[in-house]
Each structure stands twice: as structure tokens, then as C-alpha cells.
Amino acid sequence: MTSPAARAAARTHCPYCALQCAMSLTPVMDDDGSRPPVVVSPRQFPTNRGGLCQKGWTSAELLRAPDRLTHPWVRDDGADDGALRPATWDEALDRVVAGVRSAQAAGGPEAVAVFGGGGLTNEKAYALGKFARTVLRTPHIDYNGRFCMASAAAGANRTLGVDRGLPFPLADLGGADAVLLLGSNVAETMPPAVAHLARARERGGLVVVDPRRSATARLTEDGAGTHLAPVPGTDLAVLLSLAHVVLAEGLADGDYLAARTTGLDDVRRAVAPWWPERAATVCGVGADEVRRVARRLAAASPARGGAGAYVLTGRGVEQSTQGTDTVTAAIDLALLLGLPGRPGAGYGAITGQGNGQGGREHGQKADQLPGYRSITDPAAREHVAGVWGVDPATIPGPGRPAIELLGSLGRPGGPRALFVHGSNLLVSAPDAGRVAERLAALDLLVVCDVVPSETARRADVLLPVTQWAEEEGTTTSLEGRVIRRRRALDPPGGARSELWLLAELARRLGSAVAFGTDPAAVFDELARASAGGRADYSGLSHARLDADEAAGGGGLFWPVPAPARPGGPAHPGTPRLFLDAFPTADGRARLVGVAHRGPSDDVRPDAPTYLVTGRVLQHYQSGAQTHRVPELEAAQPEPFVEIHPLLAGRLGIEDGAPARLSTLRGTAVLRARVSDAVRPDTVFVPFHWSGEGSVNRLTTDAVDPLSKMPELKVCAVRVEPATAEKEPAWTSS
């Protein structure tokens, strides 16, 4: 095994968000185990421009987590204590194979399910989807990206013809006069991205829509822009009102609409009732503010001589039962202004997870095959089956999306066994108490992870896998930029790559389908499987990406089709989509009229306050990684409920005192943080904790009818002082 000291610095990317900041990892000489085994240094890259956030700077701490998993664990049936115990790989895999066969014997292939994650490399995401459909032959595979980008994907697909988070390089934002940002707190979730908003702020053109005065909303202060703070769950009403003003005041780009879109009459009808004064009664945003923002966006649009404008959405407006319609309304607004497909302008969705973009493109979603192909398309099935070496008829059809899948676990006709890869369901899924019940009802729960997360601790078989700095592969950034992740050091002795694990399980389960273990070879297969799809990677390889970086490049944007003929010129990639046409049947974008409905769990007498959820700077997702970084944990050691002084005073809750939050699904006890940064009718809780501080014990699992994304961001809650008899019992992974 190569010693860390013998390795040169590895050029790679951060393990956290979809900004995928570039960094170098230099192995520590004479590593004695008392400090992180690598030194992190930022690299110049178009997205982070040489910057890192706190999470990136401290990311090497993850490699020395005291409870890092280094060998398999199994739970003995009928054991008195029911505890996990150490096991060999052979014993653990034998248990997995026996459990899978038992479940399949009782319920057929559909008795086994797979749940993936948006942090897996493209290679692992591809192999996981292939494993589910060719070895397990189950339709039931979905992933935590269903909680992240599903509504943005559904909205973009039905209007623009394709889902790529940002259909332009992030750096393009730097030339814009105006940026409308809905439901995203980039200043805390991906701080280096804020640099790209500098020009819009200088021009007073940054518009942030958020019920809180978040760190991002504060960027609009001192004349840098406008903060709109709507009633939670009414962002769609704000967008409909903005579109109403654009049409009513003749601010739309008529030539663009005539040449490049269809459906204008539908949108006219949909926005006609939403004049600003009427919208104000629903969303609480003043009519004058709406008019000023609409005029600012129009003035910045290229059609009216501006330098450019962008409309961007994030999870705050997408994790909703009307998330797809909200994204659609945002795209409608951008189309009315003539933005998509013009350099320096457009619509985009800010992807959250590190490989949230690539993770959904190559087979982890219940209804998709590699290359962003529909699993119901006969031509797509035939093409992918040819790459996999199977009969197309043996590839299952669509499975259940995440929330439906989780709700079916252990029930009659539902899966009896579940594989979980790179996801901490007991903290990140809505109505987490119900999820815990369903996991407990399984005959077999197999979890692959690097640390014992809350979900991992419930496993019947827990398998240690490699992480970030210990593996080769690729990820795809929020811009559709395919980039290389490189190995900096060897994993701890017992940890194995998921590529090896899936190949070994396929062999033990008697499958004749080939599974590669070399990431470069797996990527080559992925590229062939994606050929001709919306997300076409067929012109890419590890070697090409390495050569591009060596020549000073920053990765390549999909689609990157293979040359039309052998030896032909290599495709340069597609940094900007839609410049000539939209990928629809007639080449035009679709304007789609939508209607505002409001939250599924709206305020009422017994729950008169809105609960909204989100992130904090120091932690990421369920906190399984960041709670293990001492510097981050010390900076933000516990969850909190942010509550306005007026509401706190009326309820008798003092700053720093425990407060009890109750919904139809559960109760959480949190320390109050009294602040005027949140609306008086709203409380805010970050979602990175488990135990009594887990806000997702309270959130609803109601889903968007199209995207099947859960409404994680808003619900009705009762807030009251907690008894002082005991302190809240917060826990971290």
C-alpha cells in the first residue's frame, strides 16, 4: 500500500455542496495520526475563484473521524441486546445475500429496494442503478435527490425540454444587472458563490425572496437590492404577480415570445387575476415592491438594452406541494422577459448536493435510465440493455418515488429488504418518526456509509465504504460541468469501494452481468449508456477530463456527444444551452399557466404559526459529516428555533429558553433564538440535527403531484414554552 507521504498533492473538489469548489489535498509527511492526513488548499476554479467556506477548509477532518467505519458490522437475529457486532466481509456479504434471497423468495424482485444519494460519484450512481435493475431486477430505486431537485427537474423538463440545474456557467451571473433569487440562502449554503453576485449588487439589482432576513437577504441592504419577505408558501403568488406586471405594463419581449415560445395565452389567463394589490393580500408583499422588482428585471433584460438578468430558484420554493408549479412560474417569468437562450441571461436552479446533478442523470431515479432517459421509452431501454448485455424486457419499469417507497417498506406487497447508500433517512426525510417505523418493519436493512449515522445504527448489516479523498471518479457540478475527483490517500484497511461491493454482490447473487471495479472503466461504460440521451457524456472519459485540466480547462459541460465518426473532432461541450433552440419537438420553450394553492398544512387555530426549515453555515444535510468536525460543531453545537420578538413576547418565551414545537406529526424541543430576522408569524429551524432537535420529525410528507417532492419547507406548528424540568436532548450523529 502506498504511504501517504509518498503521494503528490491530489487535485480534486470539495466533498460538500454542488458548487464543487476546487482544492488540492497534500498528504501529511510523517503522519502520526494526531492531525488530518492531508492538508487542504483551495485552487483557482471558475465556481469558487480560489475560495472555500468553513466546511471546505475543515473537510480533511472527516478522514480521521474517531468513529470512522473500518470493518463490517452485523446484527444477530434474536440476540438479547440486539446490538451490532464486528464481522468479516465474508460473513457480512453472506448475510446480505441470504437476506436478499429470502425477501425475493417471499415477494419476488420487488421485495428488495435501493435508496441512493446525491453525494455518490457518477460512477457509483450509475453502478447502483444498474445493480438494482439487472441483479436485483427491482423497479424500486430512488434517492435523496427526490428531496432536492425533483421539482426543478419537473418544471424545467416541461417548459425548457431539459433539466440541467444551471444551463449556463455560474460565472455568467457576474455580468448581470439583476438577479432574482427565490428560496436559496447561498451566502450560507455555498459562500464562494456570492462573489458572482457582485455586479448585480453594485447596480442595486439583487432581489432575494425569503420569509427570513437570511445572510443572503442581508446582501440586498444599503441599496444593493430588494428583499421580499412573503408569507411562507406563497412564493408562487409573488411570481404570478411579477408576471402580471410584466404583461400589463408592456415589459415582455414580444419578438422573443413570438419566435421562441408557445403558450402565451395560457400564461396571460393564469396571471390575469394576480394584480399586485390582490397578490399582496395573499403573499404580504407590497404592490409597489412587486412593481419595482418587475421593472428592474425588465430593464436589465437584453431586449431592453440591459446587461442581463437571471431568475434562480432553490429548495425554499421547490420543496413544496406546488414546487413544480413555482419553478414553472419562475421559468414563465424568465421567458416573458426573453432571458433563456440569450448569453448573459436565463433561468437556473441551484442544485444543493455535491453530485445532485450527476446523481439523477444516470439511473438513481425511479423513472430514469442513464443519460437522463425515460425508463418507459422503448428505444432508451433497448440502447441501455445493449450496453448492459441484457434483454430489454428484463429491465423493470418505473418504481415508486422516494416518499411512496419509504411509506411502503415492510407493508404487505412492499419491499422487505432495503439497501441505503449515502443517505441518512432518519434525519433528512420528512415525518422522520414514520420513516423510523418503516425501517424497523424491514427484514433486512443494509447501509453503506463511512460513519455510523442515525440510519446506519439501525442497519442489520453495516458496510464501511470509501469516501471522497480515498477514491477516483467524477462529479457533475450545479452547472452541468463534469469534473474529476482524485484519490489522495488510501482508505482505512477494511473500507471498500462501492464499485467493488456491487460487483461482489452481483457475483454472489449469481448474476452474469459484468460490473467493473475500475472507476475509469465504469465511466467509459456510463458514457456509452448515456449516448444519445439528454445528458450525453459519450464524448468524455477520465483521460479526456484529465487532459482538459492539464491544459488549463475546468471540466466540460454536458451534453458532450462522441464524434460523429471515428477520429472526428472532439465535441467541446455545451456551456450554454438553448442558444439556437430548445430541446422540444418544435424547438420552442413552453409557457405553462399555473395556479397558486398554498401549503398543504396551512396555519389554523391549533397550529397558528408557520414553521420553515433550512440550513446554517457550519453544517451540511443531516450533519453526519459536519457534526464530526470539532471546529464546525463548536461554532454551531445545537439546533435552535428562530422566533420574532413580538411572537416570543406574546408566547412568553425568552431568548435562550427551551421552546416546544408541535405539529400533527410530532414534537421537538429547541432553544429559542429571539430575532427580528424572521417574520412575526413564522419560526425557523435548521434541519441538521437528530433527537429532540430534529425538525424533520415535524415536517409533512405531502408531495408535489408531478415531482413527488415532499413539502419539507413549510407547515403549521404550535409553539409554546417548554417546561424547565429538563434540558432539551439534542444529539448529533
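Residues numbered from 1 in each chain as written. Predicted model: local features only at pLDDT ≥ 70, side-chain atom pairs only at ≥ 80, totals over all residues. Heavy atoms only, no water.

Trainee: Tell me about helix 18 (residues 432-440), and name the residues and values.
Mentor: Those residues of helix 18 that fall on the buried side of the exposure criterion are Ala-432, Val-435, Ala-436, Arg-438 and Leu-439. Mapping the buried residues of helix 18 onto a view down its axis gives an arc of 165 degrees, with all of them on the same face. For helix 18, the exposed residues lying more than 90 degrees away from the buried face are Glu-437 and Ala-440. Its buried side turned inward, helix 18 meets helix 16 (402-408), strand 16 (417-421), helix 17 (425-428) and strand 17 (444-449). (Buried < 20%, exposed > 50% of the residue type's maximum accessible area, 1.4 Å probe, protein only. Helix = DSSP H or I, 4+ residues; strand = E, 2+ residues; numbered from the N terminus. Arc of directions from axis to C-beta. Contact = heavy atoms within 4.5 Å.)

Trainee: Pulling in residues and values, what's your account of the sheet that holds strand 6 (residues 112-116)?
Mentor: Spatial ordering of the open sheet is given by 5-4-18-17-16-6-7, a layout of seven strands whose pairing is mixed. The sheet is open, and its two borders are formed by strand 5 (84-86) and strand 7 (141-143), each paired with just one other strand. Adjacent strand axes in the sheet meet at a mean angle of 20 degrees when their direction is disregarded. (Pairing = 2+ DSSP bridges. Axes fitted to C-alpha atoms, helices over the stretch in contact; angles between N-to-C directions.)

Trainee: Let's hear about the pattern of salt bridges: which residues, and what values?
Mentor: What the rule picks out here adds up to 46 salt bridges. Of the charged contacts, one joins Asp-76 and Arg-95 as a salt bridge, the two residues approaching to 3.8 Å between their closest N and O atoms. A residue pair is termed long-range when its members are at least 10 positions apart, and Asp-76 in the loop between strand 4 (73-75) and strand 5 and Arg-95 in helix 2 (residues 89-107) qualify at 19 residues. A relative accessible area of 28% means that Asp-76 is categorised as partly exposed. A salt bridge links Arg-85 to Glu-91, with the shortest nitrogen-to-oxygen separation between them at 2.4 Å. Arg-85 sits in the partly exposed class, given a relative accessible area of 27%. (Salt bridge = Lys/Arg side-chain N within 4 Å of Asp/Glu carboxyl O.)

Trainee: Describe the nonpolar core, with residues and values.
Mentor: Ranked by internal contacts, the top residues of the largest apolar core, which has 122 residues, are Leu-180, Val-311, Leu-333, Tyr-347, Phe-419 and Leu-463. Of all the elements, helix 7 (residues 235-248) adds the most residues to this core, at 10 residues. Beyond its immediate stretch of four places on either side in the chain, Phe-419 contacts Val-96, Val-100, Val-112, Ala-113, Val-114, Phe-115, Leu-136, Val-446 and Leu-505. Listed in part, the 45 residues of the second largest apolar core include Leu-181, Leu-197, Tyr-310 and Leu-478. (Core = buried A, V, L, I, M, F, W, Y, C linked by side-chain atoms within 4.5 Å.)

In short, geometric facts, not functional conclusions.
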